[in-house]
Amino acid sequence: MNIDDCNDAATDAPEPGVAERMESAVRGYYGETLHSSADLKTSACCTATPMPEHLQAILAQLHPEVKDRFYGCGSPLPPALDGATVLDLGCGSGRDVYLLSSLAGASGRVIGVDMTEQQLEVAERHRAFHAKSFGHARSNVEFHLGDLADLAALGITDASVDVVVSNCVMNLVPDKPRAFAEIFRVLKPGGELYFSDVFSDRRLPHELLADPVLLGECLAGALYLEDFRRLLAGLGVVDARMCARSPIALTDAAIERKMGFANFESVTWRAFKLPLEDRCEDYGQVATYLGTLDEYPHAFDLDDHHHFETGKPLRVCGNTADMLSASRYAAHFRIDGDKRRHFGLFDCAPPAVGKVAAPGAKASCC
Ligand SMILES: C[S@@+](CC[C@H](N)C(=O)[O-])C[C@H]1O[C@@H](n2cnc3c(N)ncnc32)[C@H](O)[C@@H]1O
């Protein structure tokens, strides 16, 4: 196989006709083929990871039809959302939108975007039900039918959104560089992208995109992890943090035969719209979590290697200090030190694959 036959999403816009074919296949899969999560052929589009208890309590309030048509691969539901404007890309039938609706509260706003009419019909049908469940005088939720790679066409303006989330969607999008560029256009400075998706450990052959099941099951369009980093770097987003990862089992024999040469994972990422450095630099800064995020009184995990115990100072690099002091997390951290004195590269490393930093581990960074 020639390298040119593989998806190199860091640089590729789709060839003529490919985008239209992919979009039509995806609409067919999510609008007609699938009727509930039980129809999926692999675990790719359906997370087995349990949700934190406080989210499970909200989940219990959701309408069964919305829950039945959940096709996500993670729980991209960050804290500190009260009053925030949150955008869910590829919201489907709205499970995460409604969880976010409760988390953002009556003064918040949640915008769901999806291109499949049947999915949005389900989501729309239960708007009043959820407003009532959450005690909102009027719904704080709105849905837009359209392409998430063209948010401008939906009237979503520059720097208007606090948090963008997405759950198992970006793999389905033909023009990934354009989609991520749109995300960082609409985010406010200091805003956060927090999303879960399927990733592969290698570039995948283009021809797999023509198979509607491999595409629809969120496999054929999965980004190679390193190309994802390159794609973001090309947009000036140089320090995305991995928050969670779990392997995906290809449980269908026919799919395994076609895709078994690659390994797939569901990964949750956090990336801020901030002018960060491409390496972690040491300015002698220290961050202390104040324990004030609702539902996280004892500790907060910024990513898979920053576990902040309440009240315990942790040495951090300049990028981490900026993420914590120039975002909506600022009210929840004390940052000691500034960037006037530089001590060289920050001495740190991510944990080995599959391991998460132990609470109280030494200063760590990416
Ligand atoms: C795997 S489902 C996930 C749905 C939802 N996030 C969930 O967790 O249940 C993927 C969804 O992304 C939508 N989608 C895919 N590409 C899209 C695009 N370019 N613009 C808008 N929606 C898109 C599909 O219509 C589908 O509803």
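Residues numbered from 1 in each chain as written. Predicted model: local features only at pLDDT ≥ 70, side-chain atom pairs only at ≥ 80, totals over all residues. Heavy atoms only, no water.

## Here's the deal with the overall build of the chain
The condition that has to hold: Strands here mean DSSP runs of E at least two residues long; helices mean DSSP runs of H or I at least four residues long; both are numbered from the N terminus. The size measure is the radius of gyration over C-alpha atoms, and the globule rule it meets is 2.2 Å times the number of residues to the 0.38 power. Whether two residues are in contact is decided by their heavy atoms, any of which lying within 4.5 Å being enough. The accessible surface values rely on the Shrake-Rupley method and a 1.4 Å probe; as for residues, cover is taken only from the protein chains in view. Within this scheme the basic residues Lys and Arg register as positive and the acidic residues Asp and Glu register as negative, but His and the chain ends are omitted. The atom standing in for a charge is NZ when the residue is Lys, CZ when it is Arg, CG when it is Asp and CD when it is Glu.
What the chain contains, in helices and strands, is 11 helices and 13 strands. Against the 2.2 N^0.38 benchmark of 21 Å for 366 residues, the chain shows a C-alpha radius of gyration of 20 Å, consistent with a compact globule. For the C-alpha atoms alone, the extent of the chain along its principal axes is close to 55 × 55 × 35 Å. Here the contacts in the chain between residues at least 6 apart in sequence split such that 78% fall between residues at least 24 apart. About 15,700 Å² of surface is accessible on the chain, with carbon and sulfur atoms providing 51% of the total. Side chains of the chain give 35 positive and 52 negative charges; the mean places of these two sets differ by 4 Å.

## Section: the side chain of Asp88
Note that Asp88 resides in strand β1 (residues 85-89). Excluding anything up to four places from it in sequence, Asp88 contacts Asp96, Val97, Leu100, Ile111, Gly112, Val113, Val165, Ser166 and Asn167.

## Section: the site of the ligand
What counts here: Working definition: residue near molecule or strand if any one of its non-hydrogen atoms lies within 4 Å of it. Distance and chemistry together define a polar contact, namely a pair of N or O atoms within 3.5 Å, with one atom able to donate a hydrogen and the other to accept it when in protein, and with adjacent residues in sequence counting only for side-chain atoms on both sides. Under the convention adopted here, Pro, Cys and the residues Ala, Val, Leu, Ile, Met, Phe, Trp and Tyr are nonpolar, Asp, Glu, Lys and Arg are charged, and Gly plus all remaining residues are polar.
Taken together, 23 residues lie near the ligand, and Tyr71, Gly90, Asp114, Thr116 and Asp147 sit nearest. Within the side chain of Asp114, an N or O atom sits 2.6 Å from an oxygen atom of the ligand. The separation between a nitrogen atom of the ligand and a polar main-chain atom of Leu148 is 3.0 Å. Look at the ligand: alone it shows 590 Å² of surface, and the protein chains cover 99% of it. Residue classes in the shell around the ligand are distributed as 13 nonpolar, seven polar and three charged.

## Brief notes about the nonpolar core
Across soluble globular proteins, nonpolar side chains have a tendency to be buried as a group. Definition in use: Nine residue types can take part in a nonpolar core, namely buried Ala, Val, Leu, Ile, Met, Phe, Trp, Tyr and Cys, and a core is a set of them joined through side-chain atoms within 4.5 Å. Here's how the labels work: a residue is buried when its accessible area is under 20% of the maximum for its type, exposed when over 50%, partly exposed in between, all with a 1.4 Å probe on protein chains only.
Ranked by size, the top nonpolar core spans 34 residues in total, and within it Leu87, Val113, Ile156, Val164, Phe180, Ile183 and Trp269 carry the most contacts. For this core, the elements supplying multiple residues, two or more each, are β1, β2 (109-114), β4 (161-167), α7 (176-186), β5 (187-200), α9 (225-234) and β8 (264-272). Per-element accounting of this core gives the leading share, five residues, to α7. Apart from residues no more than four positions distant in its own chain, Val113 is found in contact with Leu87, Asp88, Leu89, Gly90, Cys91, His144, Gly146, Leu148, Leu151, Leu154 and Ile156. Core analysis: the next-biggest nonpolar cluster, separate from the first, contains 27 residues, Met22, Leu209, Ile255 and Phe264 among them.

## Quick look at helix α1 (residues 18-33)
Among all positions in α1, only Ala19, Met22, Glu23, Val26, Gly28, Tyr29, Tyr30 and Gly31 are buried. Next to the buried residues of α1 lie α5 (117-125) and α8 (212-216).

## Section: the domain arrangement of the chain
Put simply, the rule reads: Each domain span listed reflects an automatic or database assignment of domains. Using a 1.4 Å probe, buried area is obtained as the accessible area two parts lose upon being combined, added over both of them.
Parsing the chain into structural domains produces domain 1 (3-272) and domain 2 (280-366). In this structure, domain 1 and domain 2 have C-alpha centres spaced 27 Å apart. Taken together, the contacts link 16 residues of domain 1 with 23 residues of domain 2. Carbon and sulfur atoms supply 57% of the area buried between domain 1 and domain 2, which totals about 1,500 Å² over both sides. Its largest share of buried area at the contact with domain 2, domain 1 owes to Pro79, Arg241 and Phe272, together 38% of the area lost on that side.

## Let's talk about the pattern of salt bridges
Put simply, the test is: Only one rule defines a salt bridge in this text: a Lys or Arg side-chain nitrogen within 4 Å of an Asp or Glu carboxyl oxygen.
Under the defined criterion, the tally for this structure stands at 23 salt bridges. A salt bridge links Asp227 to Arg230, with the shortest nitrogen-to-oxygen separation between them at 3.0 Å. With Asp227 and Arg230 both in helix α9 and three residues apart, the pair spans about one turn of that helix. The class for Asp227 is buried, based on a relative accessible area of 0%. Judged by its relative accessible area of 44%, Arg230 falls in the partly exposed class. The network of salt bridges with common partners includes Asp158, Glu182 and Arg185.

## A few points about the packing of α7 against α9
This is how the line gets drawn: What counts as an axis is a line fitted to C-alpha atoms, over the stretch in contact for a helix, and the angles between N-to-C directions run from 0 to 180 degrees. Note that the term roughly parallel is reserved for angles under 35 degrees, roughly antiparallel for angles over 145, roughly perpendicular for angles of 65 to 115, and oblique for everything else. Should the near helix be turned anticlockwise from the far one by less than a right angle, the crossing is left-handed, and should it be turned clockwise, the crossing is right-handed.
Running from amino to carboxyl end, α7 crosses α9 at an angle of 50°, the nearest separation of the two axes being 10 Å. The orientation of α7 with respect to α9, classified from their angle, is oblique. Considering how the two elements wind past one another, α7 and α9 form a crossing that is right-handed. On α9, the residues touching Lys176, Pro177, Phe180 and Phe184 of α7 are Phe228, Leu231 and Leu232.

## Description of unusual backbone geometry
Although it is not a glycine, Cys168 sits at a positive phi angle of roughly 65°. Along the chain, Cys168 falls in the loop between β4 and α7. The phi angle at Glu295 is positive, at roughly 75°, despite the residue not being glycine. Along the chain, the position of Glu295 falls in the loop between β9 (285-289) and β10 (299-303).

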